[in-house]
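What follows is each chain in one-letter form.
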Amino acid sequence: MASFSPEKIAAYFAPQGLLQKFVTEYKYRSEQAELAAAIAGALMEDRFLVAEAGTGVGKTLAYLLPAIEWAKTQHEKVVITTKTRALQQQIIEKDIPDLKRALQMDIACVEAKGRDNYLCWNKYIEILAGKRALKPEEQEFMTAVLKWAENTKTGDKKEISLKSSLLRHWHLLASDRRSCLRNKCQFHDKCFRLKMIKSLEKADLIITNHAMLLSDILVDNSILPEYKYLVVDEAHALERESFDKLALSFVREEITEVLKVLEFHDKGFKRGYLRQLRRKNQQLAIDESLTLTAKTADLAEQFFNQLSLGLRKNDSFSLVLTDEITEKTWFKKAFEIYSDWQHLMRLLINSLKQLSRDIEEEEEPELFNIIAVLEEISDNAFCIMDEDLGTEAKIVWIETGGEQAISISSSHVRIGEILDNKLYAKLSGLIMLSATLAIEDKFDFFIEKVGLSQYTGTERLDCLLEKSPFDYKNQACLYILSDMPDPKHQEFSQTVARVMMKLLSAAKGRTMVLFTAKKSLSEVSQLLRPFCEQEGIPLLVQNEDGSFGAMMEEYARNNNAVLMGLDTFWEGVDLKGDLLTLLVVVKLPFRSLSEPYSSAGDKYFRLQNRNSFSNFLLPDAAVRFKQGVGRLIRSETDRGLVIVMDNRLAAKAYGKVFLDSIPIKNTIETEKDKLTTLIGDWL
Ligand code: SF4
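This write-up is about the structure you can find in this document.

Definitions and limits used
- Residues numbered from 1 in each chain as written.
- Predicted model: local features only at pLDDT ≥ 70, side-chain atom pairs only at ≥ 80, totals over all residues.
- Near = placed C-beta within 6 Å.
- Helix = DSSP H or I, 4+ residues; strand = E, 2+ residues; numbered from the N terminus.
- Nonpolar A, V, L, I, M, F, W, Y, C, P; charged D, E, K, R; others polar.
- Axes fitted to C-alpha atoms, helices over the stretch in contact; angles between N-to-C directions.
- Parallel < 35°, antiparallel > 145°, perpendicular 65-115°, else oblique.
- Left-handed = near helix turned anticlockwise from the far one by under 90°.
- Contact = placed C-beta atoms within 7 Å.
- Buried ≥ 20, exposed ≤ 12 C-beta atoms within 10 Å, placed from the backbone.
- Core = buried A, V, L, I, M, F, W, Y, C linked by C-beta atoms within 7 Å.
- Pairing = 2+ DSSP bridges.
- Expected span 1.5 Å × (residues − 1).
- Bend = angle between axes of the 7 residues up to and from the residue.

### A few points about the site of the ligand
Line of reasoning, step 1. Near the ligand you find 13 residues, and of these Cys120, Ser175, Cys180, Cys185 and Cys191 are the closest.
Line of reasoning, step 2. Among the elements of the structure, α6 (121-128) and α9 (192-200) are those that each provide at least two residues to the shell around the ligand.
Line of reasoning, step 3. Residue composition of the shell around the ligand, grouped by class: eight nonpolar, three polar and two charged.

So this is what it looks like as structure tokens:
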């Protein structure tokens, strides 16, 4: 094996090693060197490694360096996947250039991004040819990107710098699976997305994200080239994302849109692709297709309206279809409508195929594409309604928007098994990393849910825990408010707001508040806003004060702001230094069993006669708590406090699981009136 060994890798990280010489701000940390050596060992011996690296260990360099060395010395491709685009970008723009300098190596590193990042020539030319009516703002967007589109070498959206109000029209030009004409496209040879896919063949390192990795699995590995070595960063999110990505959906808007392309009525005029076809081919018999299109569209509407009748006013986002629900009259009626719709869809597809045979198929790639889209919609609906509904291995749910059903979807109960069959089974080496994998220093929960159980106890799988090098004892403290009302109590939000006012006065902003529910977030924000305005504290609330990026910029610009947010804020915030001094956790992040993902997790354990609270809901919430708390201390000079307003953390026995899983060990239980005095020293 040409000059590759864990010892050699560890030497790069040693004091006075190459990284020290060439990477600015590099600082030796034994945890990082150990992690890098363990990763090198796993790659060398074709093993799987699950590793938690606490904040500050420097896990990105710890896997990038051995991955590069392995790829270069063994001529093997290594795929690296992250959950977030931000990390993917940091690797491409900072870490890889640093390592190229340090290793003095020419590394072919290619970023594999989703197709919606790339300009589609076909869409662009159609707009330029005036085939699509544009609204004034869309026209403005087109004018703004014209010069870029004519000159770009990559077609990558990231090259465009436009204000977000214009950039939101990017979808007009973005490549999308549904409209892509594939090898029938006249721009096939200059297609930016296809060029990117081709460039992956020559890459040593492919940097991608979980969504793209999973898309590749969905299309039988036809996007990424063959690879045997995979590094999964932010691995805590892989299984959750797989549940969404590997789901099937039958979407109301999708079927409506595609049928509208075939035939639509506009101010008394009948237009659409079928009539356009007949104008070009006067002999073409389109009447049957027109009638079937209208009937299919009508039944699709009826089907989703019928599903909507079963929704209760308070069904927030989804309704999981249990056996009890599918026995109800409203659902049985919906199923009957669906069966009639499916029958008509088959007739419509056959009728369009006949049209395709009647004309010169090559001249009408759009018809070919419409047929493919209709077949996919019909097949998805068949899998969900005729195959998945009522089976043990699947969970089926209705997605809601307002009081309307917007889609019906299904996904896997044993997502880990799917990952094993479709991903791990073809790998020689697999590295799974994150700052939050272990619960009470054990990896069992992660290993089971991600589908690696069958490798435990074998030589194939190792686990490694590298704790954060930060001095948490002196850098952080956690307070639990013992006299808060129960989170379900109607006074809870008011009490949270009252405590927050005191805290904000004491901390002068510099606070982030993590919520688990939209309702609670908006109740507290309404109560706090007048106070913040009066005190001159900028209040930045998710869904109320702009995009995530805009809120983070605004927060960093002020030194006394407050951020309040939901899920994205539990994971995606990285504020170093004095910017974040107080982190408030309003409620322990238990998932609701009405969410499809939690319902699937619950079903998985119930099918095995195992307790789903202790095996799923509790460890899942503990991991999310650990992620949230991890937002506070981001560097060795940070200091700060966590305040938990959910007294179940102290009152319930399971609170120990949460507390044992986080790196902060100074925990103090106190009453809310004593809090501001107690925390004075820290602020
Ligand atoms: S191949 Fe697809 S994505 Fe590429 S230019 Fe053609 S239609 Fe657009």
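### Digging into the packing of helix α10 (residues 210-218) against helix α11 (residues 238-245)
Line of reasoning, step 1. Contact geometry of α10 with α11 gives a least axis separation of 10 Å together with a crossing angle of 50°. In terms of axis orientation, α10 runs oblique to α11. Judged by the sense of rotation from one axis to the other, the crossing of α10 with α11 is right-handed. Along the contact surface, α10 presents His210, Ala211, Leu214 and Ser215, while α11 presents Leu238, Glu241, Ser242 and Lys245.

### What about unusual backbone geometry?
Line of reasoning, step 1. One non-glycine residue, Arg182, lies in the positive phi region at around 50°.
Line of reasoning, step 2. Tracing the sequence through the fold places Arg182 in the loop between α8 (164-167) and α9.
Line of reasoning, step 3. By C-beta crowding, Arg182 is classed as partly exposed, having 13 other C-beta atoms within 10 Å.
Line of reasoning, step 4. One non-glycine residue, Asn221, lies in positive phi territory at about 55°.
Line of reasoning, step 5. Mapped onto the elements of the fold, Asn221 is located in the loop between α10 and β5 (229-232).

### A short note on the nonpolar core
Within soluble globular proteins, side chains that are nonpolar tend to cluster in buried spots.
Line of reasoning, step 1. Counting 189 residues, the largest nonpolar core has Ala36, Ile39, Val50 and Val642 as its most contacted members.
Line of reasoning, step 2. Setting aside anything within four residues of it in sequence, one finds Val642 in contact with Ala476, Leu478, Leu583, Val585, Val629, Leu632 and Ile664.

### What about the sheet that holds strand β18 (residues 582-585)?
Line of reasoning, step 1. Across the sheet, which stays open at both edges, the seven strands sit in the order β16-β17-β15-β18-β19-β14-β20 with parallel pairing between neighbours. Each edge of the sheet is formed by a strand with only one pairing partner; in this case those strands are β16 (539-541) and β20 (667-670). When strand polarity is set aside, the average angle formed by the axes of neighbouring strands in this sheet is 15°.
Line of reasoning, step 2. Sheet topology note: the strand β14 (residues 476-481)/strand β19 (residues 640-644) ladder contains five bridges and is parallel. In the sheet register, Ile480 faces β19, and the bridge partner there is Val644.
Line of reasoning, step 3. Packing against the sheet, helix α22 (residues 518-535) makes contact with β16 and β17 (562-565), and its axis sits at approximately 165° to β16.

### What about helix α7 (residues 136-151)?
Line of reasoning, step 1. Between its first and last C-alpha, α7 extends 24 Å over 16 residues, near the 22 Å set by a 1.5 Å rise per residue.
Line of reasoning, step 2. Maximum bend of α7: about 45°, positioned at Val145.

### Some remarks on the pairing of β18
Line of reasoning, step 1. The two faces of β18 match: Leu582 and Val584 on one face and Leu583 and Val585 on the other face are all buried.
Line of reasoning, step 2. The sheet contact formed by strand β15 (residues 511-514) and β18 spans four bridges and is parallel. The partner of Met512 across the bridge, within β18, is Leu583.
Line of reasoning, step 3. Where β18 lies against β19, four bridges are found, and the strand directions are parallel.

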